[in-house]
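Read off the chains here:
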Amino acid sequence: MFEWSPRGNLIAAAGNKWDASGDVLAVLPAGCSFVYTWTASSRDLQKLETDFRAQEATMIAWSNSSSGSPVLAVGTVKGNLQLYNIRERRRTPIVGKHTKRVCCGVWSSSVLAMAALDKTVTVSDQAGETLKTIAFKGEPLELCVASCKDDGKGHSAAAKKQDDSFSLITSKKVLYIMQGSSSSAAGAAPLELSFLESYGPLAHHLWFGDGFVMVGFKSGQVVVVSSLSKEISEEVHCHRPLELLTDMAYCAALSRVAVGGGSSVKLIDVGAEYGEVAGEGVELPPGHSVEKVGWGQEGQILTVSSPNGLLACYLAALPTVFSAHGTKVANLTSIGEVTVMDTATRSSTAVAVDCEPALCSLGPAHLAVGMNNQVLFYSHGAQAPVGLVSRRSYLGALSQHFVVTGTAAGSLCYHMLQDGELAVVNEYRHSGGGITALFPQPAGPRLVLADSRLQVGLYSPLNDEFQLLPGFEGTLQQLLWDVEDPNVFVAANSSSELWAYLFTQQSVSGPKLELLCKTVLLKGHTPVVLAGGRLSMRMKSGAVDGWMLESHKPLYEQGSSGKQLAKRLAAAIKLNRLQEARAAAAALGTADGWRQLGTAAMQLLDVELAVAAFRQVGDASMVMSLASLQGVEDRNLLAGSLLVLMERDYNQAQELLLRSSRPLAALEMRRDLKHWPQALSLAQQLAPGSIAALSKEHAAMLEMVGEHAEARSHYQQALESVAASGSDAQLQQSCLAGVTRTTLHLGDLRAGRQLAMQANSSSLWKECGLILEQMQQMPEAAEMYERAGMVEKAASIHIASKNFTAAQPLMAQVKSAKLQLQYAKAKESEGRWADAAAAYEAAGDLDAVVRLCLEKLNDTGRACTLTRKSRSASAAAAVARHCLAAGDVALSVEFLLLAGQLDQAFDLAAAKGAMDVFAQLVADNATVVEEVVRIAQYYSQRGEPEKAADMWAKAGQHEQAVELYVQVCSQSSLTKAIAVVEDSRNPQLAPAVLDALAACEGLAGHVRDALRFRLNLAAGQLGDAAKDALELAQFEQLGDAAKDAWELAQFEQSEGNYKLAHSKLYSTLQQLRGLGAAVPLELRNALALLHSYVLVKSLVGLGDHLGAARMLVRVAGSISSYVLVKSLVGLGDHLGGAHMLVRVAASAGEAV
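Residues numbered from 1 in each chain as written. Predicted model: local features only at pLDDT ≥ 70, side-chain atom pairs only at ≥ 80, totals over all residues. Heavy atoms only, no water.

As annotated in an unreviewed UniProt entry, the protein is Anaphase-promoting complex subunit 4 WD40 domain-containing protein from Tetradesmus obliquus. The annotation that UniProt attaches to the protein under Subcellular location (unreviewed entry) is "Cell projection, Cilium". (UniProt positions renumbered as here; feature names shortened; annotations may be inferred.)

Rendered as structure tokens:
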């Protein structure tokens, strides 16, 4: 039997127990009532007697509190308990804890659990008071502290580990799990887990990982069970590595369980899939069997003991000794060998060393290995053969250019080799305590240091700035600088947590340190090299594994999808790799990607790249703004301007601009951003001449938000500045307007009015009117509006205030119907009918005007005129009633019709004998056909056929109309009948009219011919119509042969008959063409001849004598066709015919 100390540096044989500190060993002699304690640090051996001298001590257990005083518990064969406080040298006997032999006991936190042959487990506090007693079946075999998890059983899904839980295996093949007091199952009966009978008797059990328990059986079977209530009923893993199992031991550092039995020890990897580690088992020498196994020195040593006294220690894992330089890693691969491997080319060189290294360091051509204060230098083959070079002793930290030393007092010094001596080039006093570790930048001046207060930060000797690593927790264990990117490094703590950081030297915000990502390293993996984000890690076995930082993964992922390119762009920007980001943005091809790149370039002061990025998205304003910054060498000016463009921290931008070569830019920035208080403060120092304009702008902003008192103060301040400079009259006028407005806002109406009158500004009067209106100062507001030319606004205020006297002079200029209507109603209520009527008419309310004209003004004519204009039914009804009362039946009928009261109008017209008026009004309206029919029937009943025919014609009843017209048989009735035939285009109506024409005796011949011509033309008898037209034309030229000499003399002197004949012929020609009929040749020739003669006078009057002569020649050529000459000769008037011929011939001669 043996026991490793908790520190892993000491091992004790026989039945011994180490305390939690690993300094005190308790020894239990067989068959004795006392125990021994041995202190490793002092080599002191002490005998501890119990108060139960006749009872054999059968169990010892140490409390596991390393901070408090260690307590040793001793159980006896009779079931009693003795507690020893080693530091206080106090012992406490407790009688009757159990009734039989105490077999085993363990401490969990400050709670002691003991199992005895009385088949009970007692749980006691540190003073020995029993907290609870638990009964079980069978004899106790092994009692352990359980690292089980409690899932809350409905209270919380998140599992939490219990620190005061225990587990027990018994001879009855049962595993008991006793929950602690903090568990949700506290106070309940322990869980009982039974296993298959085929597994055989239980041998040992142990807890590992995240609440798992491994149970070993003597048959060599191994079973893994989870402690979560929802998983505890199922076996997580089961296999049989051995034929016989006697002991098990768990190593958390390696995540391995050593299982021993017979002459073999097998290793099971419980960190992955519970697989057996091939090739790493142990076989004892012949004649020996495994009794106990155990781990020491963080799993580096596996110890096995046998019943016949063999204690064997095996090297299970090499010490973690490594170093890196660039892409090369030096790694301890055996006790006497270090392998140097290039992670880029995967080539390696083995270097045999003369000691067991505790540390090593790798340079470009040499390898240094050390033990204690001795350092051995070897060439690793880069420039010389592999071999030992020298032995030295060193202390401190090295970088490529400096030797950096740190002290426990917090002093940090940079040394540089000059003329063969080290010279101090920089000193820094760290205020965080003593410096415990230094990690210098390989090719730069910065370093990361850790101090005694567990603070870790980045130090720069350029400005003595110390920045804590954001988010870092715990004790710094390892730090690596990226050999390809000197601004990236990773820091790992003792809990295998790793943080990656990026340092940016130049940005708009100055130097900054950012956290890139955080991860948890796998157990047994130690970082050795960081190159381009790829982290090379040494495993326990000595092999080197590669792993990519999360912040760098998108840069190396293959693929060209939009999502992958977007991730690559974001990663490149985060790592300040702008050229890679530009390539990703170009491949992505989106406006958002280019904007991200442009913003990142501005953040890093790369104006050229920012211009190129924003040009890709067509952001002209940003491109122009950035282009103006190209060539700016002043970094403060550039950074401040970029901060403004990015709309970032304006206070920081102001500080940068003030420190620049152009501090006035800070004032311009504040002015453009309308930060008036800051702008005024800067103007006091940088530009006193701009105070007036800035004060005015500040006052305007204050006035806008209602700070009128302060606004007036700034307006007055601006006025004073303007008065002092004696310039800018427009600014002075604006400030005076501001003072006026704020004065009114503050309630000083009299002073405000005086200032407004002095200003003589329409815009100011309008503003003042608005302010006064909001303050309910209506007369003053109306006055300001009137002065500003806003007549309607002023009138509305007067009307709303019932100040009609003030409103009256303004109403003539008011266009608003609403205001006019309000004014009209007010005037009507005052009894001023004429003014009210005028206002109603201006408002467009003609019904109201008609009402006043009829009821108050006695102006019927105006009422009738307005009603005809408005066509209002209500107004028309009122006018009709008024006219009827006045006895004017015609007007009453007219307005009853206008009001849509047709029946009343008809009845009134019939009763008062005004049907002709009603008929005329109805006939003019083509939409009331029924009324026209009713009127026609009325006239028929009264024996007035022609009027009835007129109505039937209006109603479209052509047959009835023609029938009645023919009955009348007068020139007018027949003319109307022919018009009906023309309108109806119904030739069947023509015979009745034609008969009436023939039978009508009172018609003159030419009238009858003319009517017959119209009738034939209307009936479509085109041949007859043409003949009649020729006869009419001849009749018009010759006149009536039967007329006396006076009429003939009048005909000769008159030229109008020719024009009438011409008109008749032309009308006939047009009608024939309209009907689509052919025009007879004789008619066209006669019309041409008459037309030529008619044109003579017109052409002469226009001075076209040649044209007139040609017309006369045409007439002379056809002189024989002039029926007048022929008629005179036929009547025997040869002298008249001769005169006509001489007259025409003379005219023709003149023309020729």
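Visitor: I would appreciate a short explanation of the sheet that holds strand E51 (residues 497-504) in the present structure.
Guide: The strand order across the open sheet built from four strands is E49-E50-E51-E52, with neighbouring strands paired in antiparallel fashion. Pairing within the sheet leaves two strands with one partner each, and these edge strands are strand E49 (476-481) and strand E52 (512-520). With direction set aside, neighbouring strand axes in the sheet form an average angle of 20 degrees. Where E49 lies against strand E50 (residues 488-493), five bridges are found, and the strand directions are antiparallel. Bridge pairing links Leu 479 to Ala 491 in E50. (Pairing = 2+ DSSP bridges. Helix = DSSP H or I, 4+ residues; strand = E, 2+ residues; numbered from the N terminus. Axes fitted to C-alpha atoms, helices over the stretch in contact; angles between N-to-C directions.)

Visitor: Just checking my understanding: could you explain the pairing of strand E9 (residues 81-85) for this structure?
Guide: Each regular strand shows side chains that alternate between the opposite faces of the sheet. Of all five residues in E9, five are buried; the element is thus mostly enclosed. Alternating positions in E9 separate into two faces, Leu 81, Leu 83 and Asn 85 on one and Gln 82 and Tyr 84 on the other, with burial throughout. Relative to E9, strand E8 (residues 71-76) is paired through five bridges, and the arrangement is antiparallel. Residue pairing for E9: Ala 73 is matched across the bridge by Leu 83. Counting the residues in the hairpin turn of E8 and E9 gives four residues, including Gly 79, whose phi is positive at 90 degrees. (Buried < 20%, exposed > 50% of the residue type's maximum accessible area, 1.4 Å probe, protein only.)

Visitor: Please clarify how the packing of helix H19 (residues 817-830) against helix H20 (residues 833-843) should be interpreted in this entry.
Guide: Packed helices, taken two at a time, are described by their axes: the angle between them and the distance between them. Direction vectors running N to C along H19 and H20 enclose 160 degrees, while the axes themselves pass 8 Å from each other. Taken together, the axis directions place H19 and H20 in an arrangement best described as roughly antiparallel. By crossing handedness, the relation of H19 to H20 is classed as left-handed. Contacts between H19 and H20 involve Ala 817, Gln 820, Leu 821, Tyr 823, Ala 824, Lys 825, Lys 827 and Glu 828 from the first element and Trp 833, Asp 835, Ala 836, Ala 839, Tyr 840, Ala 842 and Ala 843 from the second. (Parallel < 35°, antiparallel > 145°, perpendicular 65-115°, else oblique. Left-handed = near helix turned anticlockwise from the far one by under 90°. Contact = heavy atoms within 4.5 Å.)

Visitor: Looking at this structure, how should I read the sheet that holds strand E47 (residues 456-460)?
Guide: Spatial strand order, E45-E46-E47-E48: four strands in an open sheet with antiparallel pairing. Of all the strands in the sheet, just strand E45 (435-440) and strand E48 (465-468) have a single pairing partner and so form its edges. Strand-to-strand twist of the sheet, defined as the mean angle between neighbouring strand axes without regard to direction, takes the value 25 degrees. In terms of strand pairing, E45 meets strand E46 (residues 447-451) through five bridges, oriented antiparallel. By the bridge assignment for E46, Phe 439 is matched with Val 448.

Visitor: Can you walk me through the side chain of Asn 426 in this structure?
Guide: Locating Asn 426 in the fold gives a position in strand E44 (residues 421-429). There is a polar contact of 2.8 Å between the side chain of Asn 426 and the side chain of Tyr 459. Setting aside its immediate chain neighbours within four residues, Asn 426 contacts Leu 412, Cys 413, Tyr 414, Tyr 459, Pro 461 and Asp 464. (Polar contact = N/O pair within 3.5 Å; in protein donor to acceptor, adjacent residues only side chain to side chain.)

Visitor: What should I look at first to understand unusual backbone geometry in this one?
Guide: Note on backbone geometry: most residues besides glycine have negative phi, and most peptide bonds are trans. One non-glycine residue, Asn 576, adopts positive backbone phi at about 65 degrees. In this fold, Asn 576 is placed in the loop between helix H2 (562-574) and helix H3 (578-588). On the accessibility criterion, Asn 576 (26% relative accessible area) is partly exposed. The backbone phi angle of Leu 605 is positive, close to 65 degrees, even though this residue is not glycine. For Leu 605, the position within the fold is in the loop between helix H4 (591-603) and helix H5 (607-616). Assessed through its relative accessible area of 9%, Leu 605 is described here as buried.

Visitor: Explanation requested: the nonpolar core in the structure shown.
Guide: In globular proteins that are soluble, nonpolar side chains generally tend to be buried together. In terms of nonpolar packing, the biggest core is built from 89 residues, with Val 879, Phe 895, Phe 918, Ile 935 and Tyr 939 touching the most fellow members. Setting aside its immediate chain neighbours within four residues, Ile 935 contacts Phe 906, Met 915, Phe 918, Ala 919, Val 922 and Met 951. With 63 residues, the next largest nonpolar core counts Ala 610, Leu 626, Leu 638 and Ala 653 among its residues. (Core = buried A, V, L, I, M, F, W, Y, C linked by side-chain atoms within 4.5 Å.)

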